[in-house]
Amino acid sequence: MDDVNSLVGVVFSGLSALIVESVADEGDLIRVVARTRDDPVPCPVCGTPTGRVHGFHGRTVADVAVDGRRVVVSVRVRRLVCPVLGCPRQTFREQVPGLLGRYQRRRNRLTNQLGSVVKELAGRAGARLSRALATAVGRSTALRMLMRLPLPALRVPRVLGVDDFALKRRHRYATVLIDAETGERIDVLPDRSADTLAAWLREHPGTETVRRDGSNTYAEAIRRALPDAVQVSDRWHLWHNLCDKTLSEVRSHSTCWTAVHHTRCEGAREQTTRER
């Protein structure tokens, strides 16, 4: 029995805050029956610890898969009585921090696992992969989980890339800011005006080099907000501008190419090549 309890403690180590009473094999499902400990719990309003039990409630939450099978944890939680007279919460249901959250039907670690999946794959693809992980969710649930993920902390890169993109071609444009060294997106601005970019740069100082396109608007914003920053052109715009200038130069001498008299013409294919 001690070996079995040790094995349960290893496989379900994330449930160490609970008392595991039994583990049942139901085919494609593993059901863990557990209960909370008898320790006093602070009132969520006044913070007074209490262990006086008013009643019990059952909660069923999903956990990360084991051996390719779904895991469901049936937990018995206590409803406790606050000992402080006049407290707005006379009774309350205990929560287990880091394990069970209010109104949650998944363990926190399962929520974090699925959050990593939907962050990379979003709706339909994330739902398909969740089925392979034996923690199936629908595409709508995957999107809701994605929208609930906290935004990462905004950081200021050493080399900032600035470029515009079309929200509605020829009508509405926005500005995207990226880390030019890693390619990671930093922020998106609602337009491509100089005032908007200059305000963002003033609020987030620390950039040493700004890589931008040939826009005079961006150049003016960078000069106003970061006068000491080095402005460089990105590789794509350098090649694009070189190709445009080369093509315009060739076109300006097109009459010269057609005026050249070719003394030798061996066939129709060579003639077509020369004309091209």
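Numbers given for residues are sequential positions, taken from 1 along each chain in its written order. A pLDDT threshold of at least 70 governs which residues receive local features in this predicted model, and a stricter bar of 80 or more applies before side-chain atom pairs are shown or counted, although totals over entire chains, interfaces and linings include all residues. Note: side-chain values were computed over all heavy atoms of the structure, leaving out hydrogens and water.

Enquirer: So, the layout of surface pockets: which residues are in play, and what are the values?
Expert: Taken as a whole, the largest pocket spans an internal volume of roughly 560 Å³. Sorting the residues of the lining of the largest pocket by element identifies α4 (139-148) and β10 (185-189) as the ones contributing at least two each. Both site types are read off a 1 Å grid over the protein atoms alone. A 1.4 Å probe that fits but cannot get out defines a cavity, while an open set with protein on both sides within 12 Å along at least five of seven lines defines a pocket; lining residues have an atom within 4 Å of a point. Grid points are joined across faces, edges and corners, and a volume is the space filled by probe spheres set on the points. Helix and strand labels come from DSSP, where a helix needs a run of H or I of at least four residues and a strand needs a run of E of at least two; each type is numbered from the N terminus.

Enquirer: Kindly report on the side chain of threonine 141, identifying the contributing residues and their values.
Expert: Note on placement: threonine 141 falls in helix α4. Partly exposed describes any residue whose relative accessible area lies between the buried limit of under 20% and the exposed limit of over 50%, with all areas from a 1.4 Å probe on protein chains only and scaled to the type maximum. Since its relative accessible area comes to 17%, threonine 141 is described here as buried. As used in this structure description, the phrase polar contact means that two N or O atoms lie within 3.5 Å; if the pair is within protein, one of them must be able to donate a hydrogen and the other to accept it, and residues adjacent in sequence are counted only when both atoms belong to side chains. A polar atom in the side chain of threonine 141 sits 3.0 Å from the side chain of arginine 144.

Enquirer: Talk me through the environment of threonine 60; I want residue IDs and the actual numbers.
Expert: Tracing the chain through its elements places threonine 60 in strand β5 (residues 53-66). In this structure the C-alpha to C-alpha distance between threonine 60 and arginine 105, which are 45 residues apart in sequence, comes to 6.7 Å. If near-sequence neighbours (up to four positions away) are discounted, threonine 60 is found in contact with Val72, Val73, Ser74 and Arg105. In this analysis, two residues are considered to be in contact whenever any of their non-hydrogen atoms come within 4.5 Å of each other.

Enquirer: Can you break down the side chain of histidine 204 residue by residue, with the values?
Expert: Note on placement: histidine 204 falls in the loop between α5 (194-203) and β11 (209-212). At 2.9 Å, the side chain of histidine 204 and the backbone oxygen of tryptophan 200 are in polar contact. Apart from residues no more than four positions distant in its own chain, histidine 204 is found in contact with Leu154 and Val156.

Enquirer: So what about helix α2 (residues 108-121)? Which residues, and what values?
Expert: Over its 14 residues, α2 runs 20 Å from end to end, which matches the ideal 20 Å to within 8%, given 1.5 Å per residue. Every buried residue belonging to α2 is among Leu110, Leu114, Gly115, Val117 and Val118, and all of these are buried. Each buried residue of α2 lies within a common arc of 165° when the element is viewed along its axis, so the set occupies one face. Of the exposed residues in α2, the ones pointing more than 90 degrees away from its buried face are Asn112, Lys119 and Glu120. Where α2 is buried, its residues meet β5, α3 (124-132) and α4. One or two residues past the end of α2 sits alanine 122, with phi positive at roughly 65°. Expected helix span is computed as 1.5 Å times (number of residues minus one). Relevant arc is that of directions from the helix axis to the C-beta atoms, nothing else.

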